[in-house]
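# Structural features, examined
Listed here are the chains, written in short residue letters.
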Amino acid sequence: MRHLRFLVDENLSVVLPKTAYARGFEATHVNHCGLNQSKDWDILRVVAEEDWILVTNNAIEFRWRYRRLEVHPGVIFLLPAVPRAQQIELFSAALNAIERSSDMVNTALDVGYFEDQVRVTRY
């Protein structure tokens, strides 16, 4: 299994990396690595070059950007925009799915609520 690394976008809580660390993954927030207020294409370049899986709720912007990449390390969309406690719940569900099937290359996960249940969709 390749070593998975998560980069949390600035539109999500700065505490999300702790959720990944608690499960043995490497993670950081864009605010902690000098990428806050960076353009989306600059963040995309960094995740591709440095093998980060992006965690974001900016699906409108990043979906089409990821579709244009031939190869990418993966992306997680936490949808919709929710408070911190629910972000942690959604990200935890994403990590559960990744622990069951860790190959995230060219993969996206949509993680959100459906009828009051968390649903993870892999594509």
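I will try to describe carefully the structure that is included in this document. Just so you know, these numbers come straight off a predicted model, no measurement behind them.

The strand order β2-β1-β3-β4-β5-β6 describes an open sheet built from six strands, whose pairing is mixed. Each of the sheet's edge strands pairs with one partner strand only, and the pair in question is β2 (26–29) and β6 (117–122). Taking each pair of neighbouring strands and ignoring which way they run, the sheet shows an average axis angle of 20°. One ladder, built from four bridges, connects strand β4 (residues 75–78) with strand β5 (residues 108–114); its direction is parallel.

What follows is about unusual backbone geometry. Trans peptide bonds make up most of the peptide bonds, and negative phi angles are found at most residues other than glycine. Look at the link from L79 to P80: it is a cis peptide, with omega at -10°. Secondary-structure assignment places P80 in the loop between β4 and α4 (84–100). At Q37, a position not held by glycine, the phi torsion is positive, near 65°. Its place among the elements puts Q37 in the loop between β2 and α2 (40–50). What makes Q37 exposed here is its relative accessible area of 69%.

Take α4 next. Its 17 residues place the ends of α4 24 Å apart at the C-alpha level, agreeing with the 24 Å of an ideal helix rising 1.5 Å per residue. Within α4 the residues assigned to the buried category are Q87, L90, F91, S92, A93, A94, L95, A97 and I98. Those residues of α4 hidden inside the fold are in contact with β1 (5–8), α1 (16–21), β3 (53–56), β4, β5 and β6.

What counts as what
- Residues numbered from 1 in each chain as written.
- Predicted model: local features only at pLDDT ≥ 70, side-chain atom pairs only at ≥ 80, totals over all residues.
- Heavy atoms only, no water.
- Pairing = 2+ DSSP bridges.
- Helix = DSSP H or I, 4+ residues; strand = E, 2+ residues; numbered from the N terminus.
- Axes fitted to C-alpha atoms, helices over the stretch in contact; angles between N-to-C directions.
- Buried < 20%, exposed > 50% of the residue type's maximum accessible area, 1.4 Å probe, protein only.
- Expected span 1.5 Å × (residues − 1).
- Contact = heavy atoms within 4.5 Å.

Limitation: the analysis is restricted to geometry and does not speak to function.
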